[in-house]
Amino acid sequence: MQIIEVTGYAVRSAVITMRRKGTPLEFVIFPMLHVASPTFYSQVRLRLRECDLIVMEGIRGRSVGVSALTLAYRFAPRRRRNGLQEQRAELLLPEGAQVINPDVTATEAIADLKTLPRGMYMLLMVAAPVMGLVFALRGPRAFLDEDLVVEDLPSTLRAELMADDPVTHAITDRRDQRLLDALGEICTERSDEPIRVAVVYGAGHVPAIVSGLRDRYGYRPREAEWVTVLIPA
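Computed from a predicted model, the values in this text were never measured in an experiment.

Conventions we followed
- Residues numbered from 1 in each chain as written.
- Predicted model: local features only at pLDDT ≥ 70, side-chain atom pairs only at ≥ 80, totals over all residues.
- Heavy atoms only, no water.
- Phe/Tyr/Trp six-rings, centres within 6.5 Å; stacked < 30°, edge-to-face > 60°.
- Buried < 20%, exposed > 50% of the residue type's maximum accessible area, 1.4 Å probe, protein only.
- Helix = DSSP H or I, 4+ residues; strand = E, 2+ residues; numbered from the N terminus.
- Expected span 1.5 Å × (residues − 1).
- Bend = angle between axes of the 7 residues up to and from the residue.
- pLDDT = per-residue confidence, 0-100.
- Axes fitted to C-alpha atoms, helices over the stretch in contact; angles between N-to-C directions.
- Parallel < 35°, antiparallel > 145°, perpendicular 65-115°, else oblique.
- Left-handed = near helix turned anticlockwise from the far one by under 90°.
- Contact = heavy atoms within 4.5 Å.
- Nonpolar A, V, L, I, M, F, W, Y, C, P; charged D, E, K, R; others polar.
- Salt bridge = Lys/Arg side-chain N within 4 Å of Asp/Glu carboxyl O.
- Pairing = 2+ DSSP bridges.

Q: In this structure, what is going on with the packing of aromatic side chains? I would like to understand it.
A: What describes a pair of aromatic rings is the distance from one ring centre to the other and the angle between the planes of the rings. The full count for this structure, using the stated rule, is 2 aromatic pairs. The interplanar angle of 55 degrees and the centroid separation of 5.4 Å between the aromatic rings of Phe-40 and Tyr-41 together place this pair among those described as tilted. Each member of the pair, Phe-40 as well as Tyr-41, is classed as buried.

Q: Which parts of the structure should I look at to understand helix H7 (residues 166–190)?
A: Residues lying three or four places apart along an α-helix face the same way, a consequence of the helix completing one turn every 3.6 residues. Taking 1.5 Å of rise per residue, 25 residues should cover 36 Å, and H7 covers 36 Å from first to last C-alpha, within 8% of that figure. The largest bend along H7 reaches roughly 35 degrees and is located at Thr-172. Residues of H7 that are buried include every one of Val-167, Ala-170, Thr-172, Arg-175, Asp-176, Leu-179, Leu-180, Ala-182, Leu-183, Gly-184, Ile-186 and Cys-187, and no others.

Q: What am I meant to see in the confidence of the model for the protein here?
A: Residue-level pLDDT values for the protein average 86, and 85% of them are 70 or greater. For the protein, the element scoring lowest by mean pLDDT is helix H6 (residues 157–163), at 58; strand E5 (residues 53–56) scores highest, at 98.

Q: Would you mind going over the packing of helix H4 (residues 106–113) against H7 with me for this structure?
A: Axes are the key here: two packed helices are described by the angle between their axes and the distance separating the axes. With their axes 8 Å apart at the nearest point, H4 and H7 run at an angle of 135 degrees to one another. On the basis of their axis angle, the class for H4 and H7 is oblique. Crossing angle aside, the handedness with which H4 passes H7 is right-handed. Of the residues in H7, those in contact with Glu-108, Asp-112 and Leu-113 of H4 are Ala-170, Ile-171, Arg-174 and Arg-178. Of the residues in the contact of H4 with H7, the class split is 3 nonpolar, no polar and 4 charged.

Q: Looking at this model, I keep getting lost on the pattern of salt bridges. Mind explaining?
A: Opposite charge on two side chains lets them pair, provided their charged atoms get close. All chains considered together, the criterion is met by 14 salt bridges. The closest approach of N and O atoms between Arg-88 and Glu-90, which form a salt bridge, is 2.8 Å. Look at Arg-88 and you get partly exposed, because its relative accessible area is 36%. A salt bridge links Arg-174 to Glu-108; its shortest N-O distance comes to 3.8 Å. Taken as a pair, Arg-174 in helix H7 and Glu-108 in helix H4 lie far apart in primary sequence, 66 residues in all. Salt bridges sharing partners connect three or more residues here, namely Arg-19, Glu-26, Arg-196 and Glu-223.

Q: Explain the packing of H7 against helix H8 (residues 206–217) here, please?
A: Where H7 meets H8, the closest approach of the two axes is 10 Å, and the angle between their N-to-C directions is 45 degrees. As judged from the angle between their axes, H7 and H8 are oblique. For the pair H7 and H8, the sense of crossing is right-handed. Together, Asp-176, Gln-177, Leu-179, Leu-180, Asp-181, Leu-183, Gly-184 and Cys-187 of H7 and Ala-208, Ile-209, Gly-212, Leu-213, Arg-216 and Tyr-217 of H8 make up the contact between the two elements. Tallied by class, residues from the contact of H7 with H8 come to 8 nonpolar, 3 polar and 3 charged.

Q: In this structure, what is going on with the environment of Gln-2? I would like to understand it.
A: Summarising the element assignment, Gln-2 is placed in strand E1 (residues 2–6). On a C-alpha basis, the gap between Gln-2 and Asp-152 in space is 6.6 Å, while along the polypeptide they are 150 residues apart. With residues up to four places along the chain from it excluded, the contact list for Gln-2 reads Ala-14, Val-150, Glu-151 and Trp-226.

Q: Even after reading the chapter, I still don't get the pairing of strand E2 (residues 11–19), so can you show me in this structure?
A: Put simply, side chains in a regular strand alternate between the two faces of the sheet. For E2, the buried fraction is high: 7 of the 9 residues fall into the buried class. As judged from the 3 bridges shared by E1 and E2, these two strands associate in the antiparallel manner. Directly across from Val-6, in E2, lies its bridge partner Val-11. Linkage of E1 to E2, two consecutive antiparallel strands, is achieved through a turn of 4 residues. Where E2 and strand E10 (residues 220–230) come together, 9 bridges link them in antiparallel fashion. Residue pairing across strands places Thr-17 opposite Glu-223, the latter belonging to E10. Bridging between E2 and strand E3 (residues 26–32) involves 4 bridges; their strand directions are antiparallel. Across the sheet, residue Met-18 finds its bridge partner in E3, namely Phe-27. Connecting the antiparallel pair E2 and E3 is a turn made up of 6 residues, with Gly-22 showing a positive phi of about 90 degrees.

As structure tokens, then:
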């Protein structure tokens, strides 16, 4: 199943609705990118208005290390000619939305990264700002990279290697666990309610979300709708 599609002319995100037989509660998964066109975020916001509860990504608190890592995507929107925006809660959340944030703290995020070999950790901290500058200079065309494709199961050897990358595991494993635990609590407490629960997380987390909801709680993807992330000029 495709989650983020990259073609020669556009990048699209698949909004996935998951349901379980016999229960009215449904989950709507929004695979996000930290930088996108303003139209993408406005389209997500419109769809979030139809949801009763929003489970949203967002590392809580601040640290120098996390700030350094986020430079990888914070530079690009600062160049106006790129026509891009950085993802921010105020761009997405409808007024009065009920929001849950089960994400890790900044301290926990850095602690997970420090389980990497020291040389790998230091290289990551140095490389992130450099990658951000390159991304800013390339502009929207940087999105047309096959490495940005996300699927529920890796379809190439390169994708398999990237999925098994220790940096990826350090960044996502604890966060995915926290998220799935939170979704499990919602299943337990509200499965008899006819509500739509939005899960607004980075696209890289979505394979774990889909498999976790399926394997732990019996949910299956039933619908998908493509939303355009951007069309490079």
